[in-house]
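Spelled out from the first residue to the last, the chains are:
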Number of protein chains: 2
Amino acid sequence: MFSSYLKQSKILLKSVPSLRMSSSLAPLDATKLTITTTTSPKEKLPNEKLVFGQTFTDHMLKIAFSFKTGWAAPEIVPYGPLALDPSSCVFHYAFELFEGLKAYKDKNGDIRMFRPDKNMIRMNKSADRICLPTFDSEELTKLIGELLKLDNRFIPSEKGYSMYIRPTLIGTSAGLGVHTPDEALLFVICSPVGPYYKTGFKAVRLEATDYATRAWPGGVGDKKLGANYAPCVKPQLEAAKRGYQQNLWLFGPERNVTEVGTMNFFCAFKDSKTGKNELVTAPLDGTILEGVTRDSILSLARERLNPEEWTISERYCTIDEIAEKSEKGELLEAFGSGTAAIVSPIKEIGYNGKDIQVPLLPGEQSGPLTKQFLTWIQELQYGDVESDWSRVFKTK
Amino acid sequence: MFSSYLKQSKILLKSVPSLRMSSSLAPLDATKLTITTTTSPKEKLPNEKLVFGQTFTDHMLKIAFSFKTGWAAPEIVPYGPLALDPSSCVFHYAFELFEGLKAYKDKNGDIRMFRPDKNMIRMNKSADRICLPTFDSEELTKLIGELLKLDNRFIPSEKGYSMYIRPTLIGTSAGLGVHTPDEALLFVICSPVGPYYKTGFKAVRLEATDYATRAWPGGVGDKKLGANYAPCVKPQLEAAKRGYQQNLWLFGPERNVTEVGTMNFFCAFKDSKTGKNELVTAPLDGTILEGVTRDSILSLARERLNPEEWTISERYCTIDEIAEKSEKGELLEAFGSGTAAIVSPIKEIGYNGKDIQVPLLPGEQSGPLTKQFLTWIQELQYGDVESDWSRVFKTK
């Protein structure tokens, strides 16, 4: 019953056509870019002092949208505050969405954005869902490239370091009516970041959470909206009080495992009867964030894992299935996936007053598959292995 | 099964204790208020030109919060833009909540806020749910009183007109980590408003909506968070395309009727067998906004409707029950309730390709009960009938 309800919701939401961007409005146009450089360049922090999302580069990209005229000329300007009317709809009704992607410095000193096309597609889907304006993905990618080239000196070249890019779209109409925003602002800020695990992996403990629900059928859990984040912080604090770093979000009476904290969830099972292994992650049914790292892992698994040994499944597993597999010694490993950490190994899952044990390599903080995916993805990100997942911006 | 799931969620969420405001932090203190008056007073719009939430008074109230020191001294300053770092958590993770309440000018020229205590309680609950700081309700009420007295000239005295008050609380910490905001800003802006129905009631057509879901057990649908609003605009546009003004939000496989647009939902049934009537609204199970007008209607119904004729029920009814009652001639009326319109009569509900007809008084745009509630509530709001629901601020 529950799954048929899910299915129906998905179909009906997909049938809703795009609501914005009639052809008379100016499209986003990268050739109209103007650049105003800063007169007070920031001091660069040494790599070891970088904290995720705490320091930003000298400049930011801003593009205003008006319902009457469309996208204004893009501007790169010195990083600085946004001044908005206190009645702006972003403050009251959460007309806001964002993306997170990274750029890497390769061995030639060029800049490589990792799979920006995926983020641009998702950003447009998020925008459409909350009636913010959509845009030409390629134009925004080019503009981010210009911002990165201008702030190139902030992109760390050391392995493990990168530039975190945060495109954000907010509704800026003044007025308290609840309706489609008449005005919006797309802005992009950049933060140089270090490796998520500075001294190697640190496997986390999760609390299986059923009293709070991250996403639901007919909701917006598959979109990267601000609305999905603030409500998850209190359950995380509650889990932390009990010694768990993150929530493992369960859904429904079946207690399906959906996501972990702000990451997608993967686990690997062994079937002792057939001897075959299975890599499992939740299906994109409208309640699961369409993670770019999730997609990268599935693609790499299908391409590079031996199909005689591995089945790759986009299906739900329940927390009871994981507990049972663990008891039978058939739970191989489990990890979260996301742009910040790439992969985040899991060592224990608190459920029903007990901790489900997840195996790690002896003396290590991760399983072998988790490690393998990190290596494969990093090789592609830094361009050590060439692929069309990198969008290269030449610096000279 | 579904209802036991609901029940459990409610219990578990309620057991989560408040996370903020240790005693070492400065509490919100109205005696610390400083006032900076505007040097360029605005021109007042004539009453007939007032549009909901479009024009604001000369001043606003601002109170900053810091995780280290607590609530700063409250300030009343000229209405003007907020300048925030582009990485502020309100732009990315929807750390934002609001309230909506109204003040009325009574026959003595004094200002009457309607049930501000209810809004303050709800605002604190919303804050606690997304880890924004809580505050002393009475102190904020006093401060809003000071703002109203200063901007008294904007409060319309004509019947049907009032001052809409919008307290808002946002997270202002700079930085992209997803965690409890270290800094916040509480601000209050005021907008003089006219009667929702300038030429008397206009009954609306609703579309019963099951492909999109407003709220879920374990979610935040009972809180007045920004996060609940942006996702509802697209379904409303979709309904509008098909000729319906608002969504009637259904929930679950049973298709329970929950809310209408951004209002609570009421309907009245007749039981032909017993001859008794029933006023029905959804129960506060964690998915329903705890509307102040909803509470006022229930209180008045229990106090003033003849209990031999009326049963007052906080229970779910399904859309099929409403359709069936309508066919049997046992659906008496239906309306939405909220601060903006007080009551909003409903004339048709689109469901399964048909329109459920809701009776109205002959030649009128409302049923008799809807009208009665409007009259009762307005008498209390303007102080024509004295009650402890009015908080009076003397102007002389």
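If you're wondering where the values come from, they're calculated on a predicted model, not measured in any experiment.

## So, the side chain of Lys223 of chain B
Residues and elements named next belong to chain B. Following the sequence through the fold, Lys223 ends up in the loop between strand E11 (204–209) and helix H5 (233–241). Of the residues examined, Lys223 reaches a relative accessible area of 14% and is grouped as buried. If we ignore the near neighbours within four places in the chain, the residues touching Lys223 are Lys125, Ser126, Arg129, Asn228 and Leu289.

## Notes on the interface of chain A and chain B
At the interface, 73 residues of chain A touch 75 residues of chain B. Buried surface at the junction of chain A and chain B, both sides included, amounts to about 6,200 Å², of which 65% is carbon and sulfur. Here chain A is connected to chain B by two salt bridges. Linking Lys234 of chain A and Asp128 of chain B is a salt bridge whose minimum nitrogen-to-oxygen distance equals 2.4 Å. Taken together, the elements giving at least two residues each to the side of chain A that touches chain B come down to helix H1 (2–14), strand E5 (82–84), helix H2 (89–92), strand E6 (96–98), helix H3 (116–129), strand E9 (162–171), strand E10 (183–193) and helix H5 (233–241) of chain A.

## Looking at the UniProt feature "modified residue: N6-(pyridoxal phosphate)lysine" (unreviewed entry) in chain A
In this numbering, the UniProt entry assigns the feature "modified residue: N6-(pyridoxal phosphate)lysine" (unreviewed entry) to Lys224 of chain A. Secondary-structure assignment places Lys224 of chain A in the loop between strand E11 (204–209) and H5.

## A word on the relation of the copies chain A and chain B
Placing chain A over chain B gives an RMSD of 0.0 Å and needs a rotation angle of 180°, together with 0.0 Å of translation along the axis. Viewed as a symmetry operation, the transformation between the two copies matches a two-fold axis.

## Topic: the domain arrangement of chain A
All names here are of chain A. Along its sequence, chain A is organised into domain 1 (10–193) and domain 2 (204–381). Taking the mean C-alpha position of each, domain 1 and domain 2 sit 29 Å from one another. Summing both partners gives a buried area of about 2,000 Å² for domain 1 against domain 2, and 60% of it is carried by carbon and sulfur. When the area that domain 1 buries against domain 2 is broken down by residue, the three leading residues are Phe98, Phe114 and Arg122, summing to 30%. Linking domain 1 with domain 2 are three salt bridges, by the criterion used here. One salt bridge in this structure joins Lys118 and Asp295, with 3.7 Å as the shortest N-O distance. Inspection of the region where domain 1 meets domain 2 yields 11 residue pairs in polar contact (both at pLDDT 80 or more). Broken down by secondary-structure element, the contributors of at least two residues to the side of domain 1 that touches domain 2 are H1, E6, strand E7 (101–105), strand E8 (111–114) and H3.

Calculation criteria
Residue indices begin from 1 for each chain and proceed along its sequence in written order. The lettering of chains begins at A and the numbering of ligands begins at 1, in the order of writing. Per-residue local features of the predicted model are confined to residues with pLDDT of at least 70, and side-chain atom pairs are confined, for both listing and counting, to 80 or more; whole-chain, interface and lining totals are unaffected and use all residues. The side-chain figures draw on all heavy atoms in the structure; neither hydrogens nor water molecules are used. Only DSSP runs of H or I covering at least 4 residues are called helices, and only runs of E covering at least 2 are called strands; the numbering of each starts at the N terminus. Here's how the labels work: a residue is buried when its accessible area is under 20% of the maximum for its type, exposed when over 50%, partly exposed in between, all with a 1.4 Å probe on protein chains only. Contacts are assigned to residue pairs that have any heavy atoms within 4.5 Å of one another. Accessible-area loss on putting two parts together, using a 1.4 Å probe and summing over both, is the definition of buried area adopted here. By salt bridge we mean one thing: a side-chain nitrogen of Lys or Arg within 4 Å of a carboxyl oxygen of Asp or Glu. UniProt positions are given in the numbering used here, feature names are shortened, and annotations may be inferred rather than shown by experiment. The fit set for superposing copies consists of C-alpha atoms from residues with pLDDT of at least 70 in both; the fit itself is least squares. A domain assignment, automatic or from a database, supplies the domain bounds used here. Definition of a polar contact: a pair of N or O atoms within 3.5 Å, with one able to donate and the other able to accept a hydrogen when the atoms are protein atoms, and with sequence-neighbouring residues admitted only if both atoms are side-chain atoms.

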